[in-house]
Amino acid sequence: YFRDIFYSNNHQKFSTMKKIMNLSVLFLFVTIASCKKSKAPAPAPEQNPLAGYLAATGFDQKSTANTNAGDYEFGYSFIPLVDGKMTAIIVKIPDIRTALRVTIWDKVAGTILRTETMDITSSGVEVTKTISALDLVKDKEYFITFNSNDWYDHRKTDGSATTYPITVGDIKITSYSYKSGTAQAMPNTPQLNYYAGDCSFKFQK
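What you are looking at is a predicted structure, and each value in this text was computed from that prediction instead of being measured.

K.L.:
Sorry if this is basic, but what is going on with the sheet that holds strand E6 (residues 127-136) here?
P.N.:
As a general point, the strands of a sheet are linked pairwise by backbone hydrogen bonds and lie either parallel or antiparallel. Ordered in space as E6-E3-E13, the three strands form an open sheet in which the pairing is antiparallel. Looking along the sheet, the strands with just one partner apiece sit at the ends: E6 and strand E13 (199-204). On average, adjacent strands in this sheet sit at an angle of 25 degrees to one another, irrespective of strand direction. Here strand E3 (residues 84-91) pairs with E13 via six bridges, running antiparallel. If you follow Lys85 over to E13, its bridge partner there is Gln204.

So this is what it looks like as structure tokens:
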């Protein structure tokens, strides 16, 4: 009789412990699954359209360095194909320059959205400046320009023109243009047979 009671009590304890263990395992599984579901997705990679633009136009075939060759405001206009943000500016010139001015424009309105300055301390070296994120709206046209008397002239070996627009990833480049002088004025002279730079940006959707 006592043996039966002892066996019954132990059996009940074992059964209760088994239920608790099963519930603990189930809770742990639900917690892990919940954490996996709530984990934030990885951010989209940053895109720099310049290399793709030069390749698509053929302007990567021939590059000439120009130094102290007159002051210009120059750059390319573009349209984001998705909403995103500009996170950094990238410049490479064949000289050193203090406080080189880079401007982001609303092309249609002709207004300045952002002005950044960069110190270029090494010739021929790509310099990246992380900026406070600038929101870029899908299908809106922008301009990125810089003012310098040093630049790289990129063109095809036969000197022929390209056709715009050029789509690279989520960015559609609509033109290259320049304006003479040091004034912070949006370029107004488009050119089809070369690109002078280098000034570009990183885009993240």
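Next comes the rest of the write-up.
K.L.:
For this particular structure, what's the right way to read the pairing of strand E5 (residues 111-120)?
P.N.:
Regular strands place their side chains on alternate faces of the sheet. Of the strand pairs in this sheet, strand E4 (residues 97-106) and E5 are connected by eight bridges, and their pairing is antiparallel. Within the sheet, the bridge partner assigned to Arg101 lies in E5 and is Thr117. Connecting E4 to the antiparallel partner E5 that follows it, the hairpin turn spans four residues, and Gly110 within it adopts a positive phi of roughly 70 degrees.

K.L.:
Would you mind showing me how to read the pattern of salt bridges here?
P.N.:
Close approach of charged atoms allows side chains with opposite charge to pair. Summed over the entire model, instances satisfying the criterion amount to seven salt bridges. Among the ionic pairs, Lys107 bridges to Glu141, the shortest N-O distance being 3.4 Å. Of this pair, Lys107 sits in the loop between E4 and E5 while Glu141 is found in the loop between E6 and strand E7 (142-148), placing the two residues 34 residues apart along the sequence. A residue is classified by how much of its surface remains accessible, and Lys107, at 23% relative accessible area, is partly exposed. One salt bridge connects Glu116 with Arg114, and the closest N-O pair in it is separated by 3.3 Å. For the pair formed by Glu116 and Arg114, the shared burial category is buried. Through salt bridges with shared partners, a single network forms among Arg114, Glu116 and Lys129.

Criteria and thresholds
- Per chain, residue numbering runs from 1 following the sequence as it is written.
- In keeping with the model being predicted, local features are shown solely for residues with a pLDDT of at least 70 and side-chain atom pairs are shown and tallied solely at 80 or more, while totals for entire chains, interfaces and linings include all residues.
- Excluding hydrogens and water, the side-chain figures rest on all heavy atoms present in the structure.
- For two strands to be treated as a pair, DSSP must find at least two bridges joining them.
- Under the DSSP-based scheme used, a helix requires at least four consecutive residues in state H or I and a strand at least two consecutive residues in state E, with every element numbered from the N terminus.
- Here, axes are lines fitted to C-alpha atoms. For helices the fit covers the stretch in contact, and angles between N-to-C directions go from 0 to 180 degrees.
- Throughout this description, the term salt bridge denotes a Lys or Arg side-chain nitrogen within 4 Å of a carboxyl oxygen of Asp or Glu.
- A simple rule labels every residue: compare its accessible area, found with a 1.4 Å probe on the protein chains alone, to the largest value its type can have, and call it buried under 20%, exposed over 50%, or partly exposed in between.

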